[in-house]
Amino acid sequence: MIKCSIPRPEFCLVGTVRKLTSKKNGKVKGFELETPQGRIYFKIPHKLHQKINCRLYPNANLEARGKVKISSKTAKVKLKLKFIRVLSEASAPSPVDLTILISPEVRSAKN
């Protein structure tokens, strides 16, 4: 039996995050990326969680790169993420100011 190995094609997509899915512990499990080619759902690999988990939010522009896997029997295409980069952080949600929750007596004691 002869097996031919061909290099897997790669992809690079730039788009906007539309929907996030998360696990029970709060980590982002996957996201839906809207590109000119359409909407594509990506599952985030374990190795990329630490790099992206705190900077990923809806309406963020990002770049996704990886490998394309094509099933020879069913001709289904799977996209495997290898790299994610947030391109714009300007529309990030503003951080919540928690000092308004502290009573005035505690605030004056701190100063």
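Residues numbered from 1 in each chain as written. Predicted model: local features only at pLDDT ≥ 70, side-chain atom pairs only at ≥ 80, totals over all residues. Heavy atoms only, no water.

Enquirer: I'd like a rundown of the pattern of salt bridges, residues and numbers included.
Expert: One pass over the full model with this rule turns up six salt bridges. The partner of E32 in a salt bridge is R39, and the shortest N-O contact between them spans 3.2 Å. R39 sits in the exposed class, given a relative accessible area of 54%. A single network of salt bridges, built from pairs that share partners, joins R18, E32, E34 and R39. (Salt bridge = Lys/Arg side-chain N within 4 Å of Asp/Glu carboxyl O. Buried < 20%, exposed > 50% of the residue type's maximum accessible area, 1.4 Å probe, protein only.)

Enquirer: Outline the packing of aromatic side chains, listing residues and values.
Expert: Evaluation of the coordinates by the stated rule reveals two aromatic pairs. Each ring, one from F11 and one from F42, has its centre 5.9 Å from the other, and the planes form 15°; the classification is stacked. Separated by 31 residues along the polypeptide, F11 in strand β1 (residues 10-22) and F42 in strand β3 (residues 38-43) bring together distant segments of the chain. The exposure classification of F11 matches that of F42, with both residues buried. The structure contains a cluster of three or more aromatic residues connected by ring pairs, namely F11, F31 and F42. (Phe/Tyr/Trp six-rings, centres within 6.5 Å; stacked < 30°, edge-to-face > 60°. Helix = DSSP H or I, 4+ residues; strand = E, 2+ residues; numbered from the N terminus.)

Enquirer: Quick rundown of the environment of E10? Include the residues and the values.
Expert: Inspection of the secondary structure puts E10 in strand β1. Setting aside residues up to four positions removed in sequence, E10 forms contacts with G66, K67 and V68. A polar side-chain atom of E10 sits 3.4 Å from a polar atom in the side chain of K67. (Contact = heavy atoms within 4.5 Å. Polar contact = N/O pair within 3.5 Å; in protein donor to acceptor, adjacent residues only side chain to side chain.)

Enquirer: Quick one: what's the story with the nonpolar core, residue by residue and with numbers?
Expert: F31, F42, L62 and L81 are the most contacted members of the largest nonpolar core, which totals 16 residues. If near-sequence neighbours (up to four positions away) are discounted, F42 is found in contact with F11, L13, G30, F31, L33, L79 and L81. (Core = buried A, V, L, I, M, F, W, Y, C linked by side-chain atoms within 4.5 Å.)

Enquirer: Quick rundown of the confidence of the model for the protein? Include the residues and the values.
Expert: Here the protein averages 78 in pLDDT, while 73% of its residues score no lower than 70. Within the protein, no element has a lower average pLDDT than helix α2 (residues 104-110), which sits at 57, and none a higher one than β3, at 91. (pLDDT = per-residue confidence, 0-100.)

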